[in-house]
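Analysis of the macromolecular model
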Amino acid sequence: MARKAQPHSRTKMVSARYSKAEYLAVKSYAKSLGIGMSTFVHRCVINELKRNNVPTTLPSEDPNQLKIDTD
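Below: a short report on this structure.

What counts, and at which threshold
Residues numbered from 1 in each chain as written. Predicted model: local features only at pLDDT ≥ 70, side-chain atom pairs only at ≥ 80, totals over all residues. Heavy atoms only, no water. Helix = DSSP H or I, 4+ residues; strand = E, 2+ residues; numbered from the N terminus. Buried < 20%, exposed > 50% of the residue type's maximum accessible area, 1.4 Å probe, protein only. Areas by Shrake-Rupley, 256 points an atom, 1.4 Å probe, with all protein chains shown as cover. 1 Å grid on protein atoms, 1.4 Å probe; cavity = no way out; pocket = protein on both sides within 12 Å on 5 of 7 lines; lining within 4 Å. Points joined across faces, edges and corners; volume = space filled by probe spheres on them. Nonpolar A, V, L, I, M, F, W, Y, C, P; charged D, E, K, R; others polar. Axes fitted to C-alpha atoms, helices over the stretch in contact; angles between N-to-C directions. Parallel < 35°, antiparallel > 145°, perpendicular 65-115°, else oblique. Contact = heavy atoms within 4.5 Å. Phe/Tyr/Trp six-rings, centres within 6.5 Å; stacked < 30°, edge-to-face > 60°.

Helix and strand counts for the protein stand at 2 helices and 0 strands. When the 71 residues of the protein are sorted by exposure, 7% land in the buried category. Element-wise, carbon and sulfur atoms account for 54% of the exposed surface of the protein, whose accessible area totals about 7,500 Å².

Of the voids in this model, the largest pocket is the one considered here, and its volume is about 1,100 Å³. With 8 residues, helix α2 (residues 37-51) is the largest single contributor of residues to the lining of the largest pocket. Among the residues forming the lining of the largest pocket, the class breakdown is 13 nonpolar, 9 polar and 2 charged.

Taken N-terminus to C-terminus, the directions of helix α1 (residues 20-33) and α2 make an angle of 95°; their axes are 9 Å apart at the nearest point. The orientation of α1 relative to α2 falls into the category roughly perpendicular. From α1, Tyr23, Val26, Lys27, Tyr29, Ala30 and Leu33 reach across to α2, where they touch Met37, Phe40 and Val41. A class-by-class count of the residues in the contact of α1 with α2 yields 8 nonpolar, no polar and 1 charged.

Now for the packing of aromatic side chains. Enumeration according to the criterion identifies 1 aromatic pair in this entry. Consider the rings of Tyr29 and Phe40, whose centres lie 5.4 Å apart with planes at 70°: the pair is edge-to-face. You can see Tyr29 sitting in helix α1 and its partner Phe40 sitting in helix α2, a full 11 residues away along the chain. In this structure Tyr29 comes out as partly exposed when scored by relative accessible area, which is 45%.

Below, the structure is given as structure tokens:
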């Protein structure tokens, strides 16, 4: 039986590409902090959002709500 997702569980994934030098720099720094690369990158992104007063949580879209794209 599959586990039920927790309300604030991280279920979405984002990928990024790095040069070899960038990758090694990020990996080395994360290791020096005693954390994995994914944790380090996640913390950096969340801290950047907070630093710029961007909400780190948004209400989920209501599938029953009509949405009109104007783009």
